[in-house]
Amino acid sequence: LLRGFTFGIDFEGGTKVSFPRGDGQATTQQVETVFGEAIGQPPESVVVVGNGATATFQIRSETLTNAETEELRTALFDEFQPKGADGQPSKQTISDSAVSETWGGQITQKALIALVVFLVLAAIYITVRYERYMAIAALATLVFDLLVTAGVYALVGFEVTPATVIGLLTILGFSLYDTVIVFDKVEENTEGFEHTTRRTFAEQANLAVNQTFMRSINTSLISVLPIISLMIIAVWVLGVGTLMDLALVQLVGVIVGTYSSIFFATPRLVTLRERADVVRKHTRRVQNRRKTAAARATSVESTSDDHSD
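Predicted, not measured: the structure shown is a model, and the values here were computed from it. (Residues numbered from 1 in each chain as written. Predicted model: local features only at pLDDT ≥ 70, side-chain atom pairs only at ≥ 80, totals over all residues. Heavy atoms only, no water.)

Digging into the pattern of salt bridges
Scanning the model with the defined rule gives 8 salt bridges in all. Linking glutamate 70 and arginine 73 is a salt bridge whose minimum nitrogen-to-oxygen distance equals 3.5 Å. Here glutamate 70 and its partner arginine 73 are both found in helix α3 (residues 66-80), 3 residues apart, which amounts to about one turn of the helix. For the salt bridge of lysine 91 with glutamate 70, the shortest nitrogen-to-oxygen distance reads 2.7 Å. Taken together, the residues span a long stretch of sequence, with lysine 91 in the loop between α3 and β5 (95-99) and glutamate 70 in helix α3 at a distance of 21 residues. By relative accessible area, which is 24% here, lysine 91 ends up partly exposed. One continuous salt-bridge network, built from bridges that share partners, spans Glu70, Arg73, Lys91 and Asp96. (Salt bridge = Lys/Arg side-chain N within 4 Å of Asp/Glu carboxyl O. Helix = DSSP H or I, 4+ residues; strand = E, 2+ residues; numbered from the N terminus. Buried < 20%, exposed > 50% of the residue type's maximum accessible area, 1.4 Å probe, protein only.)

Notes on helix α5 (residues 132-156)
Along an α-helix, residues three or four positions apart point the same way, because every turn accommodates 3.6 residues. Across its 25 residues, α5 extends 36 Å between first and last C-alpha, which sits within 8% of the 36 Å expected from 1.5 Å per residue. Sitting at the head of α5, glutamate 131 places a side-chain oxygen 2.9 Å from the backbone nitrogen of tyrosine 133. (Expected span 1.5 Å × (residues − 1). Polar contact = N/O pair within 3.5 Å; in protein donor to acceptor, adjacent residues only side chain to side chain.)

Some details on the packing of aromatic side chains
Across all of its chains, the model carries 7 aromatic pairs by this definition. Through pairs of rings, three or more aromatic residues link up here, namely Phe144, Tyr259, Phe263 and Phe264. Of note, arginine 268 hangs over the ring of phenylalanine 264, and the distance from its end group to the ring centre comes to 5.0 Å. (Phe/Tyr/Trp six-rings, centres within 6.5 Å; stacked < 30°, edge-to-face > 60°. Lys NZ or Arg CZ within 6 Å of the ring centre and 35° of its normal.)

Focus on the nonpolar core
Of all hydrophobic cores here, the largest spans 46 residues; its most connected members are Leu172, Phe183, Val186 and Leu269. When residues of this core are assigned to their parent elements, the largest contribution, 10 residues, is made by helix α6 (residues 162-189). Ranked by size, the runner-up nonpolar core spans 17 residues in total, among them Val17, Val31, Phe57 and Ile94. (Core = buried A, V, L, I, M, F, W, Y, C linked by side-chain atoms within 4.5 Å.)

Describing the sheet that holds strand β4 (residues 56-61)
Overall, antiparallel pairing links the 4 strands, which are arranged β3-β4-β2-β5 in an open sheet. At either margin of the open sheet sits one strand with a lone partner, and together these are β3 (45-49) and β5. In this sheet, adjacent strand axes meet at a mean angle of 20° when their direction is disregarded. Inspection of the sheet shows β3 paired to β4 by 5 bridges, in the antiparallel sense. (Pairing = 2+ DSSP bridges. Axes fitted to C-alpha atoms, helices over the stretch in contact; angles between N-to-C directions.)

Remarks on the packing of α5 against α6
Between two packed helices, the angle of one axis relative to the other and the distance separating the axes together describe the packing. At a minimum axis separation of 10 Å, α5 and α6 run at an interaxial angle of 145°. Relative to α6, the crossing made by α5 is right-handed. Residues Met134, Ala137, Ala138, Thr141, Leu142, Asp145, Leu146, Thr149 and Tyr153 of α5 lie in contact with α6, whose contacting residues are Thr164, Leu168, Ile171, Leu172, Ser175, Leu176, Thr179, Phe183, Val186 and Glu187. When the residues that make up the contact of α5 with α6 are grouped by side-chain class, the tally is 12 nonpolar, 5 polar and 2 charged. (Left-handed = near helix turned anticlockwise from the far one by under 90°. Contact = heavy atoms within 4.5 Å. Nonpolar A, V, L, I, M, F, W, Y, C, P; charged D, E, K, R; others polar.)

Details of the pairing of β4
Along β4, 5 of the 6 residues are buried, which leaves the element largely enclosed by surrounding structure. Two strands pair when backbone bridges link them, and strand β2 (residues 14-20) and β4 are joined in this way by 6 bridges, in the antiparallel orientation. Counted as the bridge partner of valine 17 is isoleucine 59 from β4.

Comments concerning the environment of lysine 291
Among the structural elements, lysine 291 can be located in helix α10 (residues 277-308). Looking at lysine 291, the relative accessible area reads 58%, which means it is exposed. When the C-alpha positions of lysine 291 and histidine 195 are compared, they lie 18 Å apart, and in sequence the two are 96 residues distant.

Encoded structure:
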């Protein structure tokens, strides 16, 4: 709400120009200077993607005309002499892409539609699969994951791209899967709970979380390891920004999804179920039974002490 999102060129529109960094001597400040002299205004951003021989400069600016783009490519080539695969300076190594604001608006609309469709389908599945309280808790968990992941992106300033949206839908699916595992155990533990006075509904749900805790952690670790590998390959080996965007949202989402399935989903379910009369009455029965058992134990202990005396 305070910082907003840093949208990529696919959403906001504009022109992006990329070229190899070469021997690594050039700086982003030098690139900004060349851009300003060629176009007459500074670029929106200049970043270095990748590391070592695969490092590239990526320049982002407002939408440029074909003439301006060609003038910029010429200026960049004259100043930095980027080399091609054969080791010789080549202007073809300077690539450019442009996205109109209209196209960016269409991409944004389709991304929102994809997100809404996913949430609707998830709501239908959960409603059919579980009773209403579990459905509400699971949907609240998905919204929680969505808000926290989006909040992290806004706070840190990660660029939001179509790959980010794809990754977000992926991790929402992962979070739903993890929540379903926990809820299956809750459903198993609380089946016919009203006919027993050993544990309250909340205690049975807590037991289910404990029983699935290590499975959730192990699943998350297995998911995080290839994501970290993907980030390493994207940044230091290939220098592919799209892979980095996809890996970032997945890493944040897996961590948030694991947290929410353990510490958010089941507590929300218990809070909702404890409003039902059957759960409140059962909880009172369990507590009364424990009080009676404690009183009897105290009485027996007192009697034993009297006999000892």
